[in-house]
Amino acid sequence: MNTDYEVRYASGPEAVKKYDTQQLRNEFLIDSIMQPDKVCLVYSHYDRYIAGSAVPIKKSLTLETIDPLKAEHFLDRREMGIINVGGKGTVSVDGEKFDLEFKEALYIGKGAKEVIFSSADSASPAKFYINSAPAHHSYPNKKVTKADANKLELGSLETSNARTVYQLLVSATVETCQLQMGMTELKPGSIWNTVPSHVHDRRMEVYFYFDLPEDQAVSHFMGPTDETRHIWMHNEQAVISPPWSIHSGAGTSNYTFIWGMAGENLDYGDMDVCPITEMK
């Protein structure tokens, strides 16, 4: 078996107030998500969301079911989004092959039986970042490139948050049950993402930070708007954001991050914004 997984249970905001730094990291940080020749998964009890990766180098990797799913196949009752953050690779879904270049995405609908990940060149392997959520309906598989994405230019250099948002797996580009994924690229000189901070009680998120120089870091902010916490993060790490928590970050360099979300609402703009002057 080439799959490692762990289960994370949900924590409420009152409990998190009492966490020290290490407990906060244990609960929410996914610090070693990209492992060579392995599928690595974290099953969160927030909306039963799964975040993980497949990094095929010496061999192809097959998506295997895991015990918490109690299913014969991983996607029997789930949908999946994949974004390649490495070299060129291929995802085969029940024999249909999808070639993914750097920063290209693939949606896989409920009911797929066999999913195989492979790299075109072991010297520059693909790194498939994976998100998955429960699904009630089977929608068609679909590849989505940056050119296909719904593109938003937001922020400014004056406020250190000039960024380009690529809405890759959203209702404007592909039909999904509840999973949404996209990518935000910070422009050089900008460090702040997701401004202004906000919460959305009807869905949770996972952030995956990459394109970050190895000697730089991002401070990810979480918690209720009136009692925030921070988690220092490095390249190719992810963090779970509960529905009661803000989710924003500031880096010592510009970077890119992938946001994935699931819940009962598919409206990207559904959020409760907190003015910066009221953050605590």
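Per an unreviewed UniProt entry, the chain is named 4-deoxy-L-threo-5-hexosulose-uronate ketol-isomerase, and its organism is Marinigracilibium pacificum. Database annotation for the chain, UniProt heading Catalytic activity (unreviewed entry): "5-dehydro-4-deoxy-D-glucuronate = 3-deoxy-D-glycero-2,5-hexodiulosonate". Quoted verbatim from the Function (unreviewed entry) heading of the UniProt record, the comment on the chain is "Catalyzes the isomerization of 5-dehydro-4-deoxy-D-glucuronate to 3-deoxy-D-glycero-2,5-hexodiulosonate."

A. Structural context of unusual backbone geometry. Cis geometry marks the peptide bond from valine 195 to proline 196, where omega comes out at 0 degrees. Take proline 196: it is sitting in the loop between strand S15 (180-186) and strand S16 (198-199). A positive phi angle, near 50 degrees, is found at threonine 194, a position not held by glycine. For threonine 194, the position within the fold is in the loop between S15 and S16.

B. Structural context of the pattern of salt bridges. Across all of its chains, the model carries 13 salt bridges by this definition. The salt bridge involving glutamate 185 is made with lysine 103; its shortest N-O contact spans 2.9 Å. Here glutamate 185 is found in strand S15, whereas its partner lysine 103 is found in the loop between strand S8 (96-100) and strand S9 (105-108), with 82 residues between them in sequence. Take glutamate 185 and lysine 103: they sit in the same class, and that class is buried. As a salt-bridge pair, aspartate 211 and lysine 103 come within 2.8 Å of each other at their nearest N and O atoms. Remark: lysine 103 occurs in the loop between S8 and S9 and aspartate 211 occurs in the loop between strand S17 (203-210) and strand S18 (218-223); sequence separation between them is 108 residues. You can call aspartate 211 partly exposed: its relative accessible area is 34%. Classification of lysine 103 by relative accessible area gives buried; the value is 7%.

Scoring rules and cut-offs
- Every chain's residues receive numbers from 1 upward, in the order its sequence appears when written.
- Confidence filtering applies because this is a predicted model: local features only for residues at pLDDT of at least 70, side-chain atom pairs given and counted only at 80 or more, and all residues used for totals across whole chains, interfaces and linings.
- Calculation of side-chain values draws on the structure's entire complement of heavy atoms; hydrogens and water are dropped beforehand.
- UniProt positions are given in the numbering used here, feature names are shortened, and annotations may be inferred rather than shown by experiment.
- A run of H or I in DSSP becomes a helix once it reaches four residues, and a run of E becomes a strand once it reaches two; helices and strands are each numbered from the N terminus.
- Every case where a carboxyl oxygen of Asp or Glu lies within 4 Å of a side-chain nitrogen of Lys or Arg is listed as a salt bridge.
- Throughout, exposure labels follow a simple rule: accessible area from a 1.4 Å probe, protein chains only, divided by the maximum for the residue type, with under 20% read as buried, over 50% as exposed, and the rest as partly exposed.

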